[in-house]
Protein chains: 2
Amino acid sequence: MMNFEAALQKKIDLINGGLDDYLPMVYPEIINEAARYSIFPGGKRLRPVILLATCKMLGGKTANALPFACALEMIHTYSLIHDDLPAMDNDDLRRGHPTNHMVFGEAMAILAGDALLNRAYEVMAQHCVANPNIHFLKAMSKIADYAGIKGMIGGQVMDIRMENAAATAQELEYIYTNKTSGLLMAAFGGGALAAFADDDTVSTMEDIGKTLGMAFQIKDDLLDISGGETLGKPIGSDQKNQKSTYISLYGVEKAEEMYHQLSASVIESLRRLENSAFLVALAENLIDRTR
Amino acid sequence: MMNFEAALQKKIDLINGGLDDYLPMVYPEIINEAARYSIFPGGKRLRPVILLATCKMLGGKTANALPFACALEMIHTYSLIHDDLPAMDNDDLRRGHPTNHMVFGEAMAILAGDALLNRAYEVMAQHCVANPNIHFLKAMSKIADYAGIKGMIGGQVMDIRMENAAATAQELEYIYTNKTSGLLMAAFGGGALAAFADDDTVSTMEDIGKTLGMAFQIKDDLLDISGGETLGKPIGSDQKNQKSTYISLYGVEKAEEMYHQLSASVIESLRRLENSAFLVALAENLIDRTR
């Protein structure tokens, strides 16, 4: 395998190229400008990278996976734009830059989010029309399900309901599983379907996504108290906002133990698969992150 | 043909039944409550009724069209919820009832809109997975296109940009064609595709939708000055908001003339088609409306 960093960058470049193609500066330009402002330059592109890598690991073609990867990133980005709005988390900054509504105003930010969500489905539907195949249809359907009330939106709803209120362990697990794991499960499952994988393989990959999402979220909780800037939020903001976290519920030690257990499980599950070197390296990279 | 009013009510009942099924009260209930608040009791259900009627006129099965019809109504409803938000039109009332954000708060109203938009694609994608057929895929793709930047969202963007600013004739036509005609074209085109119609027929039906949308919008402008409550907005609100309309651009007489010409064209085009009695009656009904 090519050096991990080089392989990662190659995937990110492919995704950025795809997003650039899928978001042309057509009339009325302002809405595309607003949508592109939040899409570019972009961060780790974690979800679409996982989708492409899963497809490749299972012997699929990148061209079959790219539309789903880009659609997933558009869905992730719309959720960030709407989450940042004054009525939601009211954030002025994301990744050190002014949030969408700070630059384009609230009305345009709402519409930019709507446009990205809708565009994700335009792109996937066009891909399915051009390549009518049941696996692609299932990939689109799966991504839609994990983005909706039974996935990301459901998690976001409970996250908002639990602000300034103590969440039970069950509620917090629901939020983490849906808000964070949802799109990761869509990434692993969608990538497998783009490679024409069978239902068992799809399900195995989704389980890895679920576990990785939980680990990822607990790591975020740990970083929030230990320093290191994640998701662009200031250190200690969870405690300040009286937000329930795995730390407030279980304490640092137990949270760290859960985190290490979940991480080990992800790595082990990936190692068991053939051609998984890139995904193992990616998972290790995520687990070791200090910010 | 059955009496028009009875046939219309039968279609509305089917649509309401479908929407009820597609929006179950699953956890977390609050988001479904918010989504259902704006979906029910609902108004004329114009777009889904047209979709079902077009499918039936062309010999298609209602069961094949219902998921698309309900999805279209969800897309229409999400756009109303987001349009009403304080950052957008800031409306407290719609159809005489408090708007979504007045009841559920802004955060939940944003999420309810997002959830309805996403759910529309969940429903269509599931329908396509269960009945993989290129015509259904094309229907989903078409609805997505007309709902996006090249359709309804594009129209809404320009509508917001033109508030308190004079629009040119070209800009106003763009807004009316996209914001209003967009989903009507999706209704006629989607209904035709659900009936496995060929491209020429789909295109003919879409043209009728485009013309009907323009007529519909000019009628709205005329009703705004003559009285009668449309879209739940108070009489004279366009003038108060200094909004450009076909009346401010062309004057009442010319606007009425354009309206009658467009309406006549819709009726004539529909009459030329076989089995079009219901759609002709529906169009006549819309044209004669006084509110």
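Structure shown above.
Since the model is a prediction, treat every value here as computed from it, not as a measurement.

### Some points on the overall build of chain A
The helix and strand tally for chain A stands at 14 helices and two strands. Taken against the 2.2 N^0.38 rule, which gives 19 Å for 291 residues, the C-alpha radius of gyration of chain A at 18 Å falls within 12% of a compact globule. Each principal axis of the C-alpha atoms in chain A carries an extent, and together these give about 50 × 50 × 35 Å. Here chain A, with 291 residues, has 59% of them falling under the buried criterion. Considering only contacts within chain A whose residues lie at least 6 apart along the sequence, 72% involve residues at least 24 apart. In the form shown here, chain A has an accessible surface area of approximately 11600 Å², with 50% of it arising from carbon and sulfur atoms. Distance between charge centres in chain A, computed from 26 positive and 37 negative side chains, equals 3 Å.

### Observations concerning the side chain of asparagine 64 of chain B
Looking at where asparagine 64 of chain B falls in the secondary structure, it is placed in helix α4 (residues 62-84). Residues in contact with asparagine 64 of chain B, not counting those within four places in the same chain, are His127, Phe136, Ala194 and Phe196 of chain B.

### Let's talk about the packing of helix α1 (residues 4-22) of chain A against helix α14 (residues 277-288) of chain A
To characterise two packed helices, one gives the angle between the axes of the helices and the distance between these axes. All names here are of chain A. Two elements in contact, α1 and α14, have axes whose closest approach is 10 Å; the angle formed by their N-to-C orientations is 95°. With respect to their mutual orientation, α1 and α14 come out roughly perpendicular. Contacts between α1 and α14 involve Phe4, Glu5, Ala7, Leu8 and Lys11 on the former and, on the latter, Phe278, Ala281, Leu282 and Asn285. Residue classes in the contact of α1 with α14 are distributed as six nonpolar, one polar and two charged.

### Details of the pattern of salt bridges
By the definition in use, this model includes 22 salt bridges over all chains. In this structure, aspartate 199 of chain A engages lysine 138 of chain A in a salt bridge whose closest nitrogen and oxygen atoms are separated by 3.9 Å. Placement of the pair is aspartate 199 of chain A in helix α10 (residues 199-226) and lysine 138 of chain A in helix α7 (residues 134-147), with a sequence separation of 61 residues. Lysine 138 of chain A gets classed as partly exposed once you look at its relative accessible area, which sits at 30%. Residue arginine 45 of chain B pairs with glutamate 73 of chain B through a salt bridge whose shortest N-O separation is 2.9 Å. On the criterion of sequence distance, the pair formed by arginine 45 of chain B in the loop between α2 (29-39) and α3 (46-57) and glutamate 73 of chain B in helix α4 is long-range, its members being 28 residues apart.

### Regarding the packing of aromatic side chains
Per the counting criterion, the structure on display carries 15 aromatic pairs over all chains. Each member of the aromatic cluster is reached from another via a ring pair, and the members are Phe68, Phe136 and Phe196 of chain A.

### Observations regarding helix α8 (residues 152-161) of chain A
Counted residue by residue, α8 of chain A has nine buried out of ten residues, so it is predominantly covered. Along α8 of chain A, the positions that sit buried rather than exposed are Met152, Ile153, Gly154, Gly155, Gln156, Val157, Met158, Asp159 and Ile160 of chain A. Looking at the packing, one finds that the buried side of α8 of chain A touches α4 (62-84), α7 and α9 (169-194) of chain A together with α2 and α6 (106-130) of chain B.

### Quick look at the nonpolar core
Judged by nonpolar contacts, the single largest core of 210 residues is most densely connected at Ile75 of chain A together with Ile75 of chain B. The contacts of isoleucine 75 of chain A, once residues within four sequence positions are left out, are Leu117, Ala120, Tyr121, Ile143, Ala147, Met152 and Leu183 of chain A.

### Notes on the relation of the copies chain A and chain B
Here two copies of a chain appear, and what relates them is a rotation about an axis with a shift along it. Overlaying chain A on chain B yields an RMSD of 0.0 Å, the required transformation being a rotation through 180° with an accompanying axial translation of 0.0 Å. Between the two chains, the operation in question is that of a two-fold axis. In this assembly the copies share their binding face: 100% of the residues contributing to the interface of chain A also contribute to that of chain B.

### Regarding the interface of chain A and chain B
Each partner contributes residues to the interface: chain A has 46 residues there, and chain B has 46 residues. Surface buried jointly by chain A and chain B totals about 4300 Å² across both partners, of which 76% is contributed by carbon and sulfur atoms. Viewed at the interface, chain B and chain A are joined by eight residue pairs in polar contact (both at pLDDT 80 or more). Looking at the side of chain A that touches chain B, the elements that each hand over two or more residues are α2 (29-39), α4, α6 (106-130), α7, α8 and α9 of chain A.

### Re the environment of valine 49 of chain B
Residues and elements named next belong to chain B. For valine 49, the position within the fold is in helix α3. The exposure class assigned to valine 49 is buried, which follows from its relative accessible area of 1%. Each C-alpha atom of the pair valine 49 and phenylalanine 188 lies 9.8 Å from the other, and the pair is 139 residues apart in sequence. The residues contacting valine 49, other than those within four sequence positions of it, are Leu8, Lys11, Ile12, Ile15, Lys44, Phe278 and Leu282.

### A short note on α2 of chain A
Of all eleven residues making up α2 of chain A, eight are buried, and the element is well covered by its neighbours. Burial in α2 of chain A covers these residues: Ile30, Ile31, Asn32, Ala34, Ala35, Arg36, Ser38 and Ile39 of chain A. In the core, the buried residues of α2 of chain A are packed alongside α1, α4, α5 (100-104) and α6 of chain A together with α8 (152-161) of chain B.

### Quick notes on unusual backbone geometry
Cis geometry marks the peptide bond from tyrosine 27 of chain A to proline 28 of chain A, where omega comes out at -10°. Examined against the element boundaries, proline 28 of chain A turns out to sit in the loop between α1 and α2. Positive phi is not limited to glycine here, since arginine 95 of chain B has a value of about 50°. Position of arginine 95 of chain B among the secondary structure elements: in the loop between β1 (93-94) and β2 (97-98). Classification of arginine 95 of chain B by relative accessible area gives partly exposed; the value is 40%.

### Some details on the environment of asparagine 3 of chain A
All names here are of chain A. Summarising the element assignment, asparagine 3 is placed in the segment before α1. Spatially, the C-alpha atoms of asparagine 3 and methionine 258 are 30 Å apart, while their sequence positions differ by 255 residues. Here alanine 6 takes part through its backbone nitrogen, which lies 3.0 Å from a polar atom of the side chain of asparagine 3.

### Some thoughts on the packing of α4 of chain A against α6 of chain A
Residues and elements named next belong to chain A. α6 packs onto α4 with a crossing angle of 165° between their chain directions and a minimal axis gap of 8 Å. Comparing the axis directions of α4 and α6 gives the class roughly antiparallel. Helix-helix and strand crossings are classified by hand; for α4 and α6 the assignment is left-handed. A per-class count over the contact of α4 with α6 returns 17 nonpolar, five polar and two charged.

Analysis parameters
- Residues numbered from 1 in each chain as written.
- Chains lettered and ligands numbered in written order.
- Predicted model: local features only at pLDDT ≥ 70, side-chain atom pairs only at ≥ 80, totals over all residues.
- Heavy atoms only, no water.
- Helix = DSSP H or I, 4+ residues; strand = E, 2+ residues; numbered from the N terminus.
- Rg over C-alpha atoms; globule rule 2.2 N^0.38 Å.
- Buried < 20%, exposed > 50% of the residue type's maximum accessible area, 1.4 Å probe, protein only.
- Contact = heavy atoms within 4.5 Å.
- Areas by Shrake-Rupley, 256 points an atom, 1.4 Å probe, with all protein chains shown as cover.
- Lys, Arg positive; Asp, Glu negative; His and termini not counted.
- Charge placed at Lys NZ, Arg CZ, Asp CG, Glu CD.
- Axes fitted to C-alpha atoms, helices over the stretch in contact; angles between N-to-C directions.
- Parallel < 35°, antiparallel > 145°, perpendicular 65-115°, else oblique.
- Nonpolar A, V, L, I, M, F, W, Y, C, P; charged D, E, K, R; others polar.
- Salt bridge = Lys/Arg side-chain N within 4 Å of Asp/Glu carboxyl O.
- Phe/Tyr/Trp six-rings, centres within 6.5 Å; stacked < 30°, edge-to-face > 60°.
- Core = buried A, V, L, I, M, F, W, Y, C linked by side-chain atoms within 4.5 Å.
- Least-squares fit on C-alpha atoms with pLDDT ≥ 70 in both.
- Buried area = accessible area lost by both parts, 1.4 Å probe.
- Polar contact = N/O pair within 3.5 Å; in protein donor to acceptor, adjacent residues only side chain to side chain.
- Left-handed = near helix turned anticlockwise from the far one by under 90°.

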